[in-house]
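Secondary and tertiary structure notes
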Amino acid sequence: CLLLVGEAYDHNREQINHQVDSLCRRYPIQIIRHYNFVPDSEIPFYFHLSDIILATYQRHVGMSGILIWAASTGKPVISSDYGLMGETVKQHQLGTVLNAADPKQIAEGIQSFIDKPCNVSCTEKPKSFAKKNAHYNFSKLIFQCLNNYSQNFV
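The present account deals with the structure reproduced in this document. Quick caveat: nothing in here was measured; it's all calculated off a predicted structure. (Residues numbered from 1 in each chain as written. Predicted model: local features only at pLDDT ≥ 70, side-chain atom pairs only at ≥ 80, totals over all residues. Heavy atoms only, no water.)

Within the chain one finds 7 helices and 5 strands. Going from the N terminus to the C terminus, the chain shows its helices and strands as β-α-β-α-β-α-β-α-β-α-α-α. Overall, the C-alpha framework of the chain stretches about 70 × 35 × 30 Å when taken along its three principal axes. When each of the 154 residues of the chain is scored for burial, the buried share is 27%. Relative to all contacts within the chain whose residues are 6 or more apart in sequence, the contacts with residues 24 or more apart total 52%. (Helix = DSSP H or I, 4+ residues; strand = E, 2+ residues; numbered from the N terminus. Buried < 20%, exposed > 50% of the residue type's maximum accessible area, 1.4 Å probe, protein only. Contact = heavy atoms within 4.5 Å.)

For the pair helix 3 (residues 65–73) and helix 6 (residues 124–132), interaxial distance at closest approach is 8 Å and the crossing angle is 125°. With respect to helix 6, the element helix 3 is oriented oblique. Regarding helix 3 and helix 6, the two cross each other, and that crossing is left-handed. Of helix 6, the residues touching helix 3 (which contributes Leu 67, Ile 68, Ala 71 and Ser 72) are Pro 126, Phe 129 and Ala 130. Taken together, the residues of the contact of helix 3 with helix 6 sort by class into 6 nonpolar, 1 polar and no charged. (Axes fitted to C-alpha atoms, helices over the stretch in contact; angles between N-to-C directions. Parallel < 35°, antiparallel > 145°, perpendicular 65-115°, else oblique. Left-handed = near helix turned anticlockwise from the far one by under 90°. Nonpolar A, V, L, I, M, F, W, Y, C, P; charged D, E, K, R; others polar.)

All told, the structure shown has 3 salt bridges when counted by the stated rule. Note that Glu 87 is salt-bridged to Lys 90, the shortest N-O span being 3.1 Å. With Glu 87 and Lys 90 both in helix 4 (residues 83–91) and 3 residues apart, the pair spans about one turn of that helix. Taking the relative accessible area as the measure of exposure, Lys 90 reaches 45% and is therefore partly exposed. A salt bridge links Glu 124 to Lys 127; the nearest nitrogen and oxygen atoms lie 3.9 Å apart. Highlighted residues: Glu 124 and Lys 127, both in helix 6, separated by 3 residues, approximately one helical turn. (Salt bridge = Lys/Arg side-chain N within 4 Å of Asp/Glu carboxyl O.)

See the structure below:
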């Protein structure tokens, strides 16, 4: 079963639906589509439900909270090998990286996890990554920096 979760523009939605419908006619696969905004309170549900997290942003240079959610729920990530996300996945052993512009590599990445499932929660690096990047630690660091900064002006 494949879950497609998150916002999609109407034009993209039409293209995705066309491909999904075609796949469902040809193969015994269930593809669930939820193209709406997902509130923060519902995000954990989707991660706990999943076996693999696809974060195949193309040419994305920055970071994504998807990596933190995946690490905190012990789910392996298939990520683009490009930019900060690719480096983060490799450095913290959060899953595998590949060329996200190549559909064949994405398919092979998914197939490799199906053939040999892994649970990233059994290693310490993803747990440590999730803990360091938790919202409360981030907030604590921001307030510490602001406090230190403001003391310089008192």
